[in-house]
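Below are the chains, spelled out letter by letter.
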Amino acid sequence: MSFQPDDDTRRNLMAAHEKAAAFLGLVCTGPAVFGTSGTTIGRRAESVWLRVSRNSRHRAPRPTGQGALGAEQLIPASVPRPRLHNTADWTETGWFYQADVFDLVGPTVSSTPDLRDDPGLDDGWWSALKDALAGIAEAPSAKITLRRTWVEQVFPKYLGIPAPAEVERTTGHGDLQWANLTTGPLKILDWERWGLVPIGYDPAVLWVSSLLVPEVADRVRVEFADILDTPAGRVGQLIALAEMLQAVDRGYYPELAPLLADRACGLTGVTPPQVTDPGFVRWTMDQQQS
């Protein structure tokens, strides 16, 4: 499924990006890159990267200690990421816009959140990722990523089991998928969702995003076994699986559907309800063939 915004959104984001560049005194070159959410646009401006995002107006202003600005202020400097140099926010025609100027970084591991090929990441890259997650866990945060009410809804709907009585949390990135990680050296991108996440959720998201490439999915499990193979880490895995099955239900990642269902059943002993729905099965097969 395409992650590209529609034509009206593209025009709106392009205009917002040009406005931000003029205000910040930047001259942009090269092609525009739209984020996987369809609500962000980025473009090179000499030695930096200008990223502009659009949200509904009620999101203004930026919450204190959250998002890219909060990460710049609170995440340890040892965590590899593009550093934030400047910001600009404004509201216009019902939208809230955020412009951020970051370090320019190398290519991401994948152009999409899910992995399709083995990128051949070396031992040093994996070690750097483990150290980075440990560093993020040291940062203070008050924001809850993936709230309890959402967990209570998705567990019975997508896993066929009740929600866990308790979800242990730690500070995490909140969107640790392959389009948010650079190859070499490692940099972690897109800090909009960072906050208190379920223990094991970050590596579990990377794991479920790797299931089409078994050797990489296995590597994730080996590298983060000390977290994933714990009771709290099991809950983190189930939350990541439920979230991805919800994404499948909304039209994303149809090729992952049977793999996600198999892993969920392996952890719970219950076949996910959506997988037993004949309409859902037919729709998934049609998506895979289209």
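These figures come from a predicted structure and were not determined experimentally.

A.B. asks: Residue-level account of the overall build of the protein chain, with values.
C.D. replies: Helix and strand content of the protein chain: 10 helices and 7 strands. Here the C-alpha atoms of the protein chain give a radius of gyration of 19 Å, agreeing with the 19 Å that 2.2 N^0.38 yields for 290 residues. Overall, the protein chain is about 55 × 40 × 35 Å in size when its C-alpha atoms are taken along their principal axes. Split into buried and exposed, the 290 residues of the protein chain put 48% on the buried side. Of the contacts formed within the protein chain by residues at least 6 apart in sequence, a portion of 70% connects residues at least 24 apart. Here the protein chain has roughly 13500 Å² of accessible surface; of this, 52% comes from carbon and sulfur atoms. Between the centroid of the 27 positive side chains of the protein chain and the centroid of its 35 negative side chains there is a distance of 6 Å.

A.B. asks: Got a sec to walk through the nonpolar core? Specific residues and values, please.
C.D. replies: By size, the foremost hydrophobic cluster in this structure holds 58 residues, and its most contacted members are Leu129, Trp178 and Leu181. The greatest single-element share of this core, amounting to 10 residues, is contributed by helix H8 (residues 231-249). Not counting the four nearest positions on each side in its chain, leucine 129 is found in contact with Leu176, Leu181, Leu186, Ile188, Leu206 and Phe224. Counting residues in each nonpolar core, the second largest holds 17 residues, with Leu13, Phe34, Ala99 and Val101 among its members.

A.B. asks: Please provide a residue-by-residue account of the packing of helix H3 (residues 123-137) against helix H6 (residues 214-223), values included.
C.D. replies: Running from N to C, H3 and H6 cross one another at 50°; their axes reach a closest spacing of 11 Å. Classified by the interaxial angle, the pair formed by H3 and H6 is oblique. Where H3 crosses over H6, the handedness of that crossing is right-handed. Residue-level inspection shows Asp123, Trp126 and Lys130 of H3 in contact with H6, the latter providing Val216, Arg219, Val220 and Glu223. Tallied by class, the residues present in the contact of H3 with H6 amount to 3 nonpolar, no polar and 4 charged.

A.B. asks: Account for the packing of aromatic side chains, naming residues and giving values.
C.D. replies: Under the criterion given, the structure shown has 5 aromatic pairs. With a centroid separation of 5.1 Å and an interplanar angle of 80°, the aromatic rings of tryptophan 125 and tryptophan 126 are classed as edge-to-face. The exposure classification of tryptophan 125 matches that of tryptophan 126, with both residues buried. Taken together, a centroid distance of 6.0 Å and an interplanar angle of 20° make the contact between tryptophan 125 and tryptophan 178 stacked.

A.B. asks: Explain the pattern of salt bridges to me, using residue names and the numbers behind them.
C.D. replies: Opposite charge on two side chains lets them pair, provided their charged atoms get close. This model, assessed by the stated rule, comprises 15 salt bridges. Its salt-bridge partner being glutamate 72, residue arginine 83 comes within 2.9 Å of it at the nearest N-O pair. In this pair, arginine 83 is assigned in the loop between helix H2 (67-74) and strand S4 (84-92) and glutamate 72 in helix H2, connecting sequence segments 11 residues apart. By relative accessible area, arginine 83 is classed as partly exposed at 25%. Take glutamate 72: its relative accessible area is 22%, and that puts it in the partly exposed class. Among the salt bridges present, the one from glutamate 255 reaches arginine 116, with a minimum N-O distance of 3.4 Å. Taken as a pair, glutamate 255 in the loop between H8 and helix H9 (257-268) and arginine 116 in the loop between strand S5 (95-103) and H3 lie far apart in primary sequence, 139 residues in all. Take arginine 116: its relative accessible area is 44%, and that puts it in the partly exposed class.

A.B. asks: Go over the environment of proline 31, please, and point to the residues and values.
C.D. replies: One can find proline 31 in strand S1 (residues 29-34). With 132 residues separating them along the chain, proline 31 and alanine 163 place their C-alpha atoms 44 Å apart.

A.B. asks: Run through the sheet that holds S4, naming residues and quoting values.
C.D. replies: Across the sheet, which stays open at both edges, the 5 strands sit in the order S1-S2-S3-S5-S4 with antiparallel pairing between neighbours. The sheet is open, and its two borders are formed by S1 and S4, each paired with just one other strand. Averaged over all neighbouring strand pairs, the angle between strand axes comes to 15°, with direction disregarded. Packed onto the sheet, helix H1 (residues 7-24) meets S1, strand S2 (40-45), strand S3 (48-56), S4 and S5 and runs at close to 125° relative to S3.

A.B. asks: Can you break down H1 residue by residue, with the values?
C.D. replies: The α-helix winds at 3.6 residues per turn, so residues separated by three or four positions along the chain end up facing the same way. Here H1 is 18 residues long and its end C-alpha atoms lie 26 Å apart, about the 26 Å a rise of 1.5 Å per residue gives. Taken from the residues just after H1, glycine 25 is the one with a positive phi, measuring 70°.

A.B. asks: Describe the environment of lysine 157, listing the residues and the values that go with them.
C.D. replies: By the element assignment, lysine 157 lies in helix H4 (residues 148-159). Linking lysine 157 and glutamine 246, residues 89 residues apart in sequence, is a C-alpha distance of 8.8 Å. Not counting residues within four places of it along the chain, the set of residues in contact with lysine 157 comprises Asp249, Pro273 and Gln274.

Rules of the game
- Sequence order sets the numbering: in each chain, residues are counted from 1 along the sequence as written.
- Where totals are concerned, whole chains, interfaces and linings use all residues; where local detail is concerned, this predicted model gives features only for residues with pLDDT of at least 70, and gives and counts side-chain atom pairs only at 80 or more.
- Based on all heavy atoms of the structure, the side-chain values leave hydrogens and waters out of the count.
- Each helix is a run of DSSP H or I of at least 4 residues and each strand a run of E of at least 2, with the numbering of both proceeding from the N terminus.
- Restricting the calculation to C-alpha atoms gives the radius of gyration, and the globule rule supplies 2.2 Å times the number of residues raised to the power 0.38.
- For every residue, the accessible area obtained with a 1.4 Å probe (protein chains only) is divided by the maximum for its type, and the residue is called buried under 20%, exposed over 50%, and partly exposed between those limits.
- Should any heavy atoms of two residues lie within 4.5 Å, those residues are considered in contact.
- Only the protein chains shown count as cover for residues, with accessible areas throughout obtained via the Shrake-Rupley method and a probe of 1.4 Å.
- In summary, the charge assignment counts Lys and Arg as positive and Asp and Glu as negative, without counting His or the chain termini.
- For the purpose of locating charges, the reference atoms are NZ of Lys, CZ of Arg, CG of Asp and CD of Glu.
- Residues belong to a common nonpolar core when they are buried Ala, Val, Leu, Ile, Met, Phe, Trp, Tyr or Cys residues joined through side-chain atoms within 4.5 Å.
- Axis definition: a line fitted to C-alpha atoms, over the contacting stretch in the case of helices. Angles run 0 to 180 degrees between N-to-C directions.
- Any angle that is under 35 degrees is reported as roughly parallel, and any over 145 degrees as roughly antiparallel; angles of 65 to 115 degrees are reported as roughly perpendicular and all others as oblique.
- Helix crossings fall into two classes, left-handed where the near helix is turned counterclockwise from the far one by less than a right angle and right-handed where it is turned clockwise.
- Classes in brief: Ala, Val, Leu, Ile, Met, Phe, Trp, Tyr, Cys and Pro nonpolar; Asp, Glu, Lys and Arg charged; the others, Gly included, polar.
- Two aromatic rings from Phe, Tyr or Trp, using only the six-membered ring of Trp, form a pair when their centres are within 6.5 Å; if the ring planes differ by under 30 degrees the pair is stacked, by over 60 it is edge-to-face, and anything between is tilted.
- For this analysis, a salt bridge means a side-chain nitrogen from Lys or Arg found within 4 Å of a carboxyl oxygen belonging to Asp or Glu.
- By this definition, two strands are paired if DSSP reports at least two bridges between them.
- Between the first and last residue of a helix there are one fewer steps than residues, each counted as 1.5 Å, and that sum is the expected span.

None of the figures reported here should be taken as evidence of function without further support.
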